[in-house]
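Okay, here's what each chain looks like letter by letter:
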Amino acid sequence: MNTVLPLLEAPPRTLQLPDSAREGLTRTPFGLYVHVPFCATRCGYCDFNTYTSDELGPGATRSEYAGTAIAELRQAAETLGPDLPTVTTVFVGGGTPTLLAADDLAAVLAAARELFPVADDVEVTTEANPETVTPASLATLRAAGFTRVSLGMQSAAEHVLAVLDRRHTPGRAVEAAREARAAGFEHVNLDLIYGTPGETDADWAASLEAVLAAPVDHVSAYALIVEEGTRLARRIDRGELPAPDDDVLADRYEQADATLRAAGFDWYEVSNWARDEAARCRHNELYWANANWWGVGPGAHSHVGGLRWWNVKHPAAYAGRLLRGESPVQDTELLDDDDRALETVMLGLRLREGLPLTALSEVGRARAADAVARGLLEPAAHAAGRAVLTDRGRLLADALVRDLTD
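Residues numbered from 1 in each chain as written. Predicted model: local features only at pLDDT ≥ 70, side-chain atom pairs only at ≥ 80, totals over all residues. Heavy atoms only, no water.

Draft legend 1. Representation of the packing of aromatic side chains in the model. On inspection of all chains with the given rule, the structure shows eight aromatic pairs. For the ring pair Tyr194 and Trp204, a centre distance of 5.4 Å and an interplane angle of 50 degrees mean the geometry is tilted. In this pair, Tyr194 is assigned in strand S6 (residues 187–194) and Trp204 in helix H7 (residues 201–212), connecting sequence segments ten residues apart. Since its relative accessible area comes to 6%, Tyr194 is described here as buried. Ring centres of Tyr287 and Trp293 lie 4.7 Å apart, and the angle between their planes is 70 degrees; this geometry places the pair in the edge-to-face category. On the basis of relative accessible area, Tyr287 is assigned to the partly exposed category, the value being 22%. Among the residues examined, Trp293 registers a relative accessible area of 14% and is labelled buried. (Phe/Tyr/Trp six-rings, centres within 6.5 Å; stacked < 30°, edge-to-face > 60°. Helix = DSSP H or I, 4+ residues; strand = E, 2+ residues; numbered from the N terminus. Buried < 20%, exposed > 50% of the residue type's maximum accessible area, 1.4 Å probe, protein only.)

Draft legend 2. Layout of the environment of His382. Inspection of the secondary structure assignment puts His382 in helix H14 (residues 379–383). Taking the C-alpha atoms as reference, His382 lies 8.8 Å from Pro356; in sequence the two are 26 residues apart. Apart from residues no more than four positions distant in its own chain, His382 is found in contact with Leu357, Ala368, Ala369 and Val372. (Contact = heavy atoms within 4.5 Å.)

Draft legend 3. Up close: the domain arrangement of the protein. Partitioning the protein into structural domains gives domain 1 (19–289) and domain 2 (337–405). Facing 15 residues of domain 1, the contacting portion of domain 2 comprises eleven residues. Of the roughly 1,200 Å² buried at the junction of domain 1 and domain 2 (both faces included), carbon and sulfur atoms supply 53%. Contact with domain 2 buries surface across domain 1, with Trp267, Val270 and Trp288 losing the most and accounting together for 48% of the total. Scanning the region where domain 1 abuts domain 2 turns up four salt bridges. Taken together, the links from domain 1 to domain 2 amount to eight residue pairs in polar contact (both at pLDDT 80 or more). Considering each element in turn, the side of domain 1 that touches domain 2 owes the most residues, five residues, to helix H9 (residues 246–262). Counted by class, the side of domain 1 that touches domain 2 contains eight nonpolar, one polar and six charged residues. (Domains from an automatic or database assignment. Buried area = accessible area lost by both parts, 1.4 Å probe. Salt bridge = Lys/Arg side-chain N within 4 Å of Asp/Glu carboxyl O. Polar contact = N/O pair within 3.5 Å; in protein donor to acceptor, adjacent residues only side chain to side chain. Nonpolar A, V, L, I, M, F, W, Y, C, P; charged D, E, K, R; others polar.)

Put into structure tokens, the structure is as follows:
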């Protein structure tokens, strides 16, 4: 079982990594994640750690946030040193990172370069809502070294965006993708959500067509998940909206896969498609490979060598700790070999390449053989010693993971 390591009541100045977590530190791919917790409005389906207020306490305002994040980056370098890992990916997520001034995001990236060795071909991504970027801000980000932008499109249907409480107009995401390409971004992604109450087959087809009209080389498509405690969940509970239908979600997924494949996109993870290998999101691949990353920001999660930790969630509490020179870490857990093996299966099975059968337990291997018979795993790959999802298996990936790891 994993071991929770309690922190002292007065948090230490920096997190202390055990020797076991330091093993292989400089040989394992390493990324930085920077969480920006601000949103202009709170979307009805979202349960992320985000805040709409611009005044959350000293150090937690938008104007001060870049300096606060940089303070944690300094702690990260101090904790991981003296032999620092080389940063291969940087991902700025949220929230809405592009609510911060482009110069502030550039300053955070510049600090990472000053504090860490950075790979020559580093992938640097920012998420963005379409209405929060302009040609000028995108040009500033590109000049600062950002190479990839991921735009939250969700849908091309106005009434679907309204149910999701999204603020942009249906055509704005495609327009923003064109602006990103014009600014010189090497890779552009559009995010879609399918299965929203009221979405029709025609709505979903129109969303896919709109994506393919944009200059993108990566598409993410996720089934709508109704998270407890969200506005959307309350509306469904009151009977104002119908709950997403599993059969409809499966149909939408198959429609997306067929449309994207016909346009030259291949899936490389159950919910992600890319035009070629270079267009894959390397930062997400780092997560799926159980590599190492440091998460900066309130509520951000990190993982280094089997040690996982997460920061305090509220931006004011986070900023306060850093202002006092304390660690923002809320708690930690040290994963044992069984935990890490389980996560390898849970993450690896969702990938196009699948995972070796040797990663499964004896019971798991027997169930994998049964999954082949049920059409969920590829027979040829299984014969070659790998568990690889079939098209039908992708629809049931979560259930199959549970079956193979039970």
